[in-house]
Amino acid sequence: MKFKTILLATFLTLFTNLSHAGEGMWLPLLLSQLNEKEMRDMGMRITAEDIYSINHSSLKDAIVLFGGGCTGELVSDKGLLLTNHHCGYGNIQKHSSLEHDYLTNGFWSQRLEEELPNPGLSVTFLVRMEDVTQSTLKGINNNISQKIRDSIIQSNIKILVKEAVKGTHYTAQVKPFYSGNQYYLFVSETFTDVRLVGAPPSNIGKFGGDTDNWMWPRHTGDFSMFRIYAGKDNKPAEYSKDNVPYRPAKHLTISLKGIKEGDFTFVYGFPGTTQEYLPSYAVDMTAMQRNPVAIGLRQQRLDIIDKAMESDRLTRIQYSAKAAGISNTWKKMIGESRGIKLLDGIEKKQEFEKDFQQWAQSNPELNAKYGQLLPAFGKAFGAFVPVNIAYTYISEGLLGIELVRFSYGYNNLVKFCNDKSKTDDEISKLIEGLKISAAAFHKNYNKQVDVKLFETLMTTYTKSCETDLQVPYVKETTAKYKGDINTWTNDLYKNTLFADSAKLYAFLSGFKRKDARKIEKDPAYILASGIYTYSQNIFYPLVTSFYATNDSLQRLYIAAQMEMQPEKRFYPDANSTLRIAYGNVKGYKPADAVEYNWFTTLDGIMQKENPDIYDYVVEPKLKELYNLRDYGRYADADKSMHVGFIASNHTTGGNSGSPVLNAEGQLIGINFDRCWEGTMSDLMYDPDQCRNISLDIRYCLFIIDKMAGAKRLVDEMTIVE
Ligand code: ARG
Ligand code: GLU
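All of the points below concern the structure found in this document. (Residues numbered from 1 in each chain as written. Chains lettered and ligands numbered in written order. Predicted model: local features only at pLDDT ≥ 70, side-chain atom pairs only at ≥ 80, totals over all residues. Heavy atoms only, no water.)

Here we take up the pairing of strand β14 (residues 579-584). Of all six residues in β14, five are buried; the element is thus mostly enclosed. Bridge analysis of strand β13 (residues 264-269) against β14 gives six bridges, and the strand direction is antiparallel. Bridge pairing links Tyr268 to Ile580 in β14. (Buried < 20%, exposed > 50% of the residue type's maximum accessible area, 1.4 Å probe, protein only. Helix = DSSP H or I, 4+ residues; strand = E, 2+ residues; numbered from the N terminus. Pairing = 2+ DSSP bridges.)

Now for a nonpolar patch on the surface. A surface patch of nonpolar side chains, amounting to about 320 Å² of accessible area, comprises Leu98, Leu314 and Ile317. Assignment of secondary structure puts Leu314 in helix α12 (residues 313-342). For Leu314, a relative accessible area of 51% translates into the label exposed. (Patch = residues over 30% accessible without salt bridge, like charges linked within 9 Å, V, L, I, M, F, W, Y side chains within 5 Å. Areas by Shrake-Rupley, 256 points an atom, 1.4 Å probe, with all protein chains shown as cover. Salt bridge = Lys/Arg side-chain N within 4 Å of Asp/Glu carboxyl O.)

The next point concerns the site of ligand 2. The immediate surroundings of ligand 2 are formed by His86, Trp214, Thr651, Thr652, Gly653, Gly654, Asn655, Ser656, Phe672, Asp673 and Arg674. Within the contact set of ligand 2, an oxygen atom lies 2.6 Å away from a backbone nitrogen or oxygen of Gly654. At 2.4 Å from an oxygen atom of ligand 2 is found a side-chain nitrogen or oxygen belonging to Ser656. Across the complex, the protein chains shield 89% of the 290 Å² of accessible surface that ligand 2 would expose by itself. (Near = heavy atom within 4 Å. Polar contact = N/O pair within 3.5 Å; in protein donor to acceptor, adjacent residues only side chain to side chain.)

Right, let's talk about the environment of Pro572 for a bit. In this structure, Pro572 sits in the loop between α24 (523-564) and β14. Residues Pro572 and Arg316, spaced 256 residues apart in sequence, show a C-alpha to C-alpha distance of 41 Å. Residues in contact with Pro572, not counting those within four places in the same chain, are Met25, Leu27, Phe177, Tyr178 and Arg579. (Contact = heavy atoms within 4.5 Å.)

Quantified by volume, the second largest pocket comes out at close to 1300 Å³. For the second largest pocket, the lining is made up of 40 residues, of which Tyr89, Arg316, Ile317, Ser320 and Tyr614 are closest to its centre. Mapped onto the lining of the second largest pocket, the elements with two or more residues apiece are α5 (85-94), α6 (102-105), α9 (202-205), α10 (209-212), α11 (280-311) and α12. With ten residues, α12 is the largest single contributor of residues to the lining of the second largest pocket. For the lining of the second largest pocket, the per-class residue count stands at 15 nonpolar, 14 polar and eleven charged. (1 Å grid on protein atoms, 1.4 Å probe; cavity = no way out; pocket = protein on both sides within 12 Å on 5 of 7 lines; lining within 4 Å. Points joined across faces, edges and corners; volume = space filled by probe spheres on them. Nonpolar A, V, L, I, M, F, W, Y, C, P; charged D, E, K, R; others polar.)

What surrounds ligand 1 is the set His86, Lys206, Gly209, Asp210, Asn213, Trp214, Ala324, Asn328, Phe672 and Asp673. A distance of 3.3 Å separates an oxygen atom of ligand 1 from a polar side-chain atom of His86. Residue Asp210 places a side-chain N or O atom 2.8 Å away from a nitrogen atom belonging to ligand 1. Against a free-state accessible area of 340 Å², the protein chains account for coverage of 86% of ligand 1. Elements supplying a minimum of two residues to the shell around ligand 1: α10, α12 and β20 (667-674).

Written as structure tokens, this is what we have:
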């Protein structure tokens with residue numbers, strides 16, 4: 001008897017411990033039920049109700065989804081908001097010109113009137129959330145197909161959403177959790193008048209650039225400031241000069257008290273996507289098969305673009321944002337695959353699957369439900385992997401040729417011209433739009449760079465992508481040129497309309513309906529059509545049917561994992577909804593004989609300084625303050641200026657800009673990245689290696705106050721010392 005109990009206990013702890021302290025992105029609504037006790041045991045001194053409440057104002061009222069893909073937090077009662085520099089980057093760039101180069105020099109408004117509007121930028125608050133699983137799944141049973149299931153769910157959701165926003169200016173969404181085993185409703189409030197208040201120069205906000213990206217030790221001052229404006233009634237309003245600063249129900253208190261190793265912290269924000277409950281087949285496909293192909297193709301693009309940027313200033317301006325995007329994902333994928341390998345991630349999943357299979361076959365009832373699940377996964381992935389790889393050669397390779405993407409934008413024009421029901425007026429309208437997008441494209445386009453991209457990526461494609469799954473037009477044209485990609489490239493760029501801005505503009509200006517034929521005969525357009533048509537006709541049906549199968553298997557697999565491990569606390573995968581991650585401030589050991597400290601300082605910036613390398617130039621004013629050690633109240637107790645710190649909070653893309661809060665719920669940092677050795681945490685979290693990287697709020701305030709002299713902003717904030 002005793003032996004049996006011990007056995008059962010070890011069995012349970014084995015599985016309960018699959019989720020480690022630090023791991024998890026939890027739902028604010030369920031915090032009191034699932035996490036509050038543990039959070040308090042770890043040092044938290046506020047309550048779950050202080051973090052999320054619908055009865056009174058709580059910390060959630062100070063958090064926004066910023067611009068769709070980042071997080072921001074309110075830090076004054078006048079709508080002042082903090083987020084990352086890389087989250088505000090696009091808007092800072094839009095306001096930048098050679099005369100007012102805010103990207104390079106930074107921007108600080110001196111008065112409210114100087115704050116700059118950003119059409120298209122919005123922020124969204126969560127008003128409330130609710131478990132609506134039962135109403136969403138009304139009318140569903142296990143005998144219907146995935147397709148019918150989806151359509152019933154969609155119509156149930158429509159009703160729920162309509163009901164939820166009745167009589168308000170709110171919007172609502174119902175999203176699936178645990179791969180469709182549960183559903184939650186989110187009611188939100190969106191503001192569209194959001195103005196740029198301040199940004200540090202890039203040599204602070206992007207210090208270390210793509211070289212330091214995804215790495216610790218880090219010294220990036222990755223923050224920017226915006227302000228939410230509202231109508232006089234404090235409700236959302238379209239941009240107007242008469243709008244006034246928004247008065248939030250809550251803004252964060254900022255702590256200058258400093259941070260110690262071991263301190264409790266939590267991150268409150270909108271993580272984008274994680275996939276923690278996949279079978280080994282899926283992890284193998286992503287980390288071992290797809291990533292390497294995508295990494296190689298991105299590497300080729302970066303080699304070409306980086307070289308061109310180094311030798312020409314204009315090319316740097318044209319390609320820096322594009323390069324940052326290509327590089328960010330490239331590096332993330334390298335880190336992810338590396339992490340899965342070092343962690344024996346696939347073997348760990350396979351071990352679990354062995355236990356799972358045993359459990360699933362332990363009685364006839366379970367066997368009927370789950371016995372065939374893993375073999376079905378194996379079959380689906382076996383068929384899908386080659387398709388996925390071939391499609392990756394298109395999406396990461398052929399579509400990396402800028403002219404391919406651009407010229408396909410003329411598809412609609414061709415369709416309109418060939419459609420008798422479309423009037424000349426409609427066509428003229430389309431032409432005006434195309435002129436605007438062509439100007440934007442050519443502003444950041446260098447033909448020589450694109451020629452090299454074409455040659456290189458096309459060569460790789462024809463040599464490496466499995467022949468049976470190659471775009472027929474590409475295969476035929478390569479054969480026509482007898483494999484001489486070089487000559488094909490020269491012919492194409494000589495004869496196309498699209499690579500040359502003046503030529504294209506003249507063409508558009510004198511455009512007549514019958515000119516559509518010229519587009520249809522353009523070699524870049526023909527290539528693009530060949531690629532897109534093949535993708536639509538061959539790949540999309542395969543991909544869609546794989547996902548339908550995979551979705552229903554994955555839903556069953558999560559349900560089964562929950563049934564198998566009733567003691568385990570499951571957190572739902574990230575899906576851009578508001579979450580809490582919590583952990584401790586903590587260094588780590590990235591490699592044999594190496595140990596990383598948990599914080600960085602301004603001294604480290606001076607050590608990295610290199611006036612000859614763009615990413616390591618130090619702002620003169622910052623150097624001056626450093627030489628005087630003039631840190632004021634922002635200095636640490638150790639007298640140095642702390643810049644960044646790491647902790648074991650489980651975060652992902654979308655958490656950028658999220659507030660990092662202390663045990664009292666006060667703001668101590670802004671999350672902006674993850675450490676290299678832990679980038680596999682979207683697939684598998686490792687408590688020893690996974691750390692989120694944050695900007696120390698004291699460095700942020702030091703830059704605003706001492707370096708930029710924008711004291712008016714600091715005066716708005718609520719600060720405790
Ligand atoms: N790695 C961070 C994230 O995923 C920062 C990206 C921006 N910084 C950069 N150097 N590209 O978004
Ligand atoms: N930089 C990421 C973002 O923009 C956060 C880093 C991560 O993926 O954890 O959201």
